[in-house]
Amino acid sequence: MVNSLTAEENIIDKWVTIEIKMFSTYTSCWFIRKVICWRAAASIAWAVLLLPPTTAIFVILSKFSLFHPIRTITECLSLLTSASAIFSFILLGGVIIMVGFLFLEYHTVIPNIACSKIALFGQLFHPRQFVISLAHCLMGMIVGWCCAVTTGFRYETLAYSCAQSDGHPQMCLNEYHLMFLLAGAFVGFSHSLLGVIHNMNYVSFHAVEQYKYLRFKGSLGLVVKCSISQAFYSVRNFIVLYFFLGYIPKPWICKTLNLQLDSSVNPLDSIAGLLDLSLLYHLWISATYLLFMWYITLLLFRIFVSEVYSFPVQSSFTEDAHQCLPKVLTDKQPMILKFLALQDLALLSQHSPSRRSEVFSLSQPGGHPHNWNAISNECLSLLADLTQRLVAYHETVATNGRAKSLSSGSERKTSSETSVTSGIEDVMSPKPVFLMKTPASVFARSIAGDPQSPLTAPFTPDLDSPFASPAMRRLTAPVEQGSPWYGTVQSPHIMRRAPKLWSTSTGSQVNGSPPPSPASVPSPKQEPSKPSFLAQFLQNRKEQVKNFLAKRVLIMYLFNKLPEASSQALFADSQAHIWALEGLSYLVQASFSEDQFGVVQTSLPSILSSMLLLQEAVDRHFKLPHASSKPVRLTSSMGDSSYKTLRFALRATIKTAIYRITTTFGGHLNAVHVSAEHRKRLQQFLEYKE
């Protein structure tokens, strides 16, 4: 227990250090200061400018009278020009600025996908999320107060003068005003939790570039629809909660503010009080107004931040070299900068011949293709990293709790696994920047906190987990000396299979020779140290607790991995790989007629091999039993769920990119040095059979 607590403390310290470093790197980046902050400020300014017309519509809806339309218009105009309305505008503007700041601080281009129920609960109850929820509650209460004051009538003040039984006046609590305040806090809290569940801080990039006005106009109907529906559900939940728990805040507020409860008025935490249709209507209108303001701010932030940014390919001044596209792609940068740079690469490779010529140009003096080398190496590194993750994920899923009996001739990897592994080594061997990683290092990146790879490793077999499969423990358990598996294999049809590791395959098969069989490499005999009685006692108790918890249905429901979510987390950053594929393929296509120095031809074998390896790994992933073969239907909500279809877009982009190259070069690809298996695959593309 002490060791586990120490390990958890070390992990927490690492995460705190990593977040501090990431925040300092984020704020010190030139692009964040000069571009992102100004874009966020522009989005907030537009949201504030849209506040008066939005408020005017809210006032008309809250005071509308079918039988007295002229009086309604007169009251609305007088209210909008009053001092209380101006003060409300100031408060609402401050709320919008605070909401925009939270979007700027916590936005992400890679969604945070929980791979289990307990992971989702961990996100919801994170201390940082608690502070954010508290801030949304406070802002919701401020908006609720502004709505109550604007609506007027019986909702305007928190206290009113009432008569005692002896006839003396006193101040009583206005429960209608209190309900507006509590409803605003509840809607803000609900919005904060739904933001975590639906990844509302996720900023996606549109495949088709549009003007900001057209994007805003096209999404305005969705904002109105989501605001109306979400306000309805939030008010419904608040009414139910207030019916059961409404008696708690009233005595506390009365005691704090020295107010009394008016016994002549029906309490609102009763059926008779909650059947007031006018009250329900005004609560719903106020909640819709609150959510509409916040959703408009979110929409404008997404539109402005995801706008295309054009990076210079090369600069004549050394002080501007860090702002050039090759330098931005290769350096360690915030993810929003990386994504915008890859987006610009995909666009310039397709639409800008002048900028493509700068990519193909040679340095002076020296005559080296530095721009092309930096761009192609970074794109190939991204493709190789994703291929490596997919292969490690497939091997982990294949050995996660399933012990397969193998014959003596099947101790090697399958042909597809061997081809992918050796192919990655062949592509990456001449380039030290693409060093091979083991699955442990791939999975440890989420703990190490690398900002370039914030993904978690789904389906990672944790043998110390109380829910680890017994078959997995038998696979990795040490072999006892008296066991028939010890030493030489007794039968050619019986052999023990350990879980496959990437590092074991790369070291033994890099030169093409098969790994030595267990019979030819006897294991050295070591005397195992006998554990103490206390250690054995604690281990037995630990196993008993694990077995007890593993039989509880609720515990298994919380800790079991979600296959679909795990697959989505694996491809969460695939938008970067899509742009890398498009950029490389379009540049290779253009090089057929524009590359005067032949700088692309030296990298063509590596590019083709990387694409074919990635296609094979993606196809194998879609053949897994838990992987969905059809895109999920996107829900109509403000939470951007486009990341759920990224793996399908990636699969189509890979095939399109390879076809783009093969149709351009045609039979010239027969002179490219690739492996025999890749040559067969290319021939299928050349014959349009893939």
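These figures come from a predicted structure and were not determined experimentally. (Residues numbered from 1 in each chain as written. Predicted model: local features only at pLDDT ≥ 70, side-chain atom pairs only at ≥ 80, totals over all residues. Heavy atoms only, no water.)

*Asks:* Talk me through the packing of helix α6 (residues 117-124) against helix α8 (residues 175-197); I want residue IDs and the actual numbers.
*Replies:* The description of two packed helices rests on the angle between their axes and on the distance between the axes. For the pair α6 and α8, the least separation of the axes is 10 Å and the interaxial angle reads 140 degrees. Relative to α8, the element α6 lies oblique. Like other packed secondary-structure pairs, α6 and α8 cross with a definite hand, here right-handed. Contacts between α6 and α8 pair L120, Q123 and L124 from the former with L193, V196 and I197 from the latter. Tallied by class, the residues present in the contact of α6 with α8 amount to five nonpolar, one polar and no charged. (Axes fitted to C-alpha atoms, helices over the stretch in contact; angles between N-to-C directions. Helix = DSSP H or I, 4+ residues; strand = E, 2+ residues; numbered from the N terminus. Parallel < 35°, antiparallel > 145°, perpendicular 65-115°, else oblique. Left-handed = near helix turned anticlockwise from the far one by under 90°. Contact = heavy atoms within 4.5 Å. Nonpolar A, V, L, I, M, F, W, Y, C, P; charged D, E, K, R; others polar.)

*Asks:* I'd like a rundown of the packing of aromatic side chains, residues and numbers included.
*Replies:* According to the stated counting rule, one finds 23 aromatic pairs in the structure shown. Centroid distance F87 to W145: 6.1 Å. Interplanar angle 90 degrees. Geometry classified as edge-to-face. Within this pair, whereas F87 is found in helix α5 (residues 83-106), its partner W145 is found in helix α7 (residues 127-151), the two being separated by 58 residues in sequence. The exposure class assigned to W145 is partly exposed, which follows from its relative accessible area of 30%. Ring centres 5.1 Å apart and planes at 85 degrees place the aromatic pair F243 and F244 in the edge-to-face group. The aromatic ring of Y176 is capped on one face by R154, whose charged end is 4.4 Å from the ring centroid. Against the face of F622 rests R651, its NZ or CZ located 4.0 Å from the ring centre. (Phe/Tyr/Trp six-rings, centres within 6.5 Å; stacked < 30°, edge-to-face > 60°. Buried < 20%, exposed > 50% of the residue type's maximum accessible area, 1.4 Å probe, protein only. Lys NZ or Arg CZ within 6 Å of the ring centre and 35° of its normal.)

*Asks:* Which residues make up the state of the cysteines, and what values do they have?
*Replies:* Enumeration according to the criterion identifies one disulfide in this entry. Here C162 is linked by a disulfide to C172, with a sulfur-sulfur distance of 1.7 Å. Across the S-S bond linking C162 and C172, the dihedral sits near 50 degrees, which makes this disulfide right-handed. One end of the pair, C162, is in strand β1 (residues 159-163); the other, C172, is in strand β2 (residues 169-173), with 10 residues separating them in the sequence. The exposure class assigned to C162 is buried, which follows from its relative accessible area of 8%. (Disulfide = S-S within 2.5 Å.)

*Asks:* Give me the lowdown on the confidence of the model for the chain, citing residues and values where you can.
*Replies:* When the pLDDT values of the chain are averaged, the result is 80; 76% of them are 70 or greater. Between the elements of the chain, mean pLDDT differs from a low of 37, seen in helix α18 (residues 439-448), to a high of 96, seen in helix α12 (residues 277-305). When the criterion is pLDDT under 50, residues 401-415 qualifies, and its contacts beyond four places in sequence or with other chains add up to 26 contacts. (pLDDT = per-residue confidence, 0-100.)

*Asks:* Provide a residue-level description of unusual backbone geometry, including the pertinent values.
*Replies:* Each neighbour pair has its own omega, and for Q364 with P365 the value is -5 degrees, a cis peptide bond. Residues other than glycine seldom take positive phi values, yet F153 does so here, at roughly 60 degrees. Exposure remark for F153: the relative accessible area of 60% places this residue in the exposed category. Phi is positive for N199, close to 55 degrees, though the residue is something other than glycine.

*Asks:* Describe the nonpolar core, naming the residues involved and giving the relevant values.
*Replies:* Formed by 146 residues in total, the largest nonpolar core has its most connected members in F31, M179, F311 and L345. Ranked by residues supplied to this core, first place goes to α12 with 19 residues. When near neighbours in sequence (up to four residues on either side) are disregarded, M179 contacts F238, I239, Y242, L268, L274, L279 and L283. (Core = buried A, V, L, I, M, F, W, Y, C linked by side-chain atoms within 4.5 Å.)

*Asks:* Hey, could you go over the environment of A652 for me, with residue numbers and the actual values?
*Replies:* Turning to its location among the elements, A652 is positioned in helix α26 (residues 646-665). Residue class for A652 comes out partly exposed when judged on its relative accessible area of 43%. Distance in space between the C-alpha atoms of A652 and I578 is 9.4 Å, their sequence separation being 74 residues.

*Asks:* How would you sum up the pattern of salt bridges? Please name residues and give values.
*Replies:* As enumerated under the stated definition, the model contains 13 salt bridges in all. Two residues, K250 and D269, come together in a salt bridge whose shortest N-O distance is 3.2 Å. Placement of K250 in helix α10 (residues 249-257) and of D269 in the loop between α10 and α11 (271-274) is noted, with a sequence separation of 19 residues between them. You'll find K250 and D269 in the same group, each marked buried. When the shortest N-O distance is used, the salt bridge between R389 and D385 registers 3.0 Å. (Salt bridge = Lys/Arg side-chain N within 4 Å of Asp/Glu carboxyl O.)

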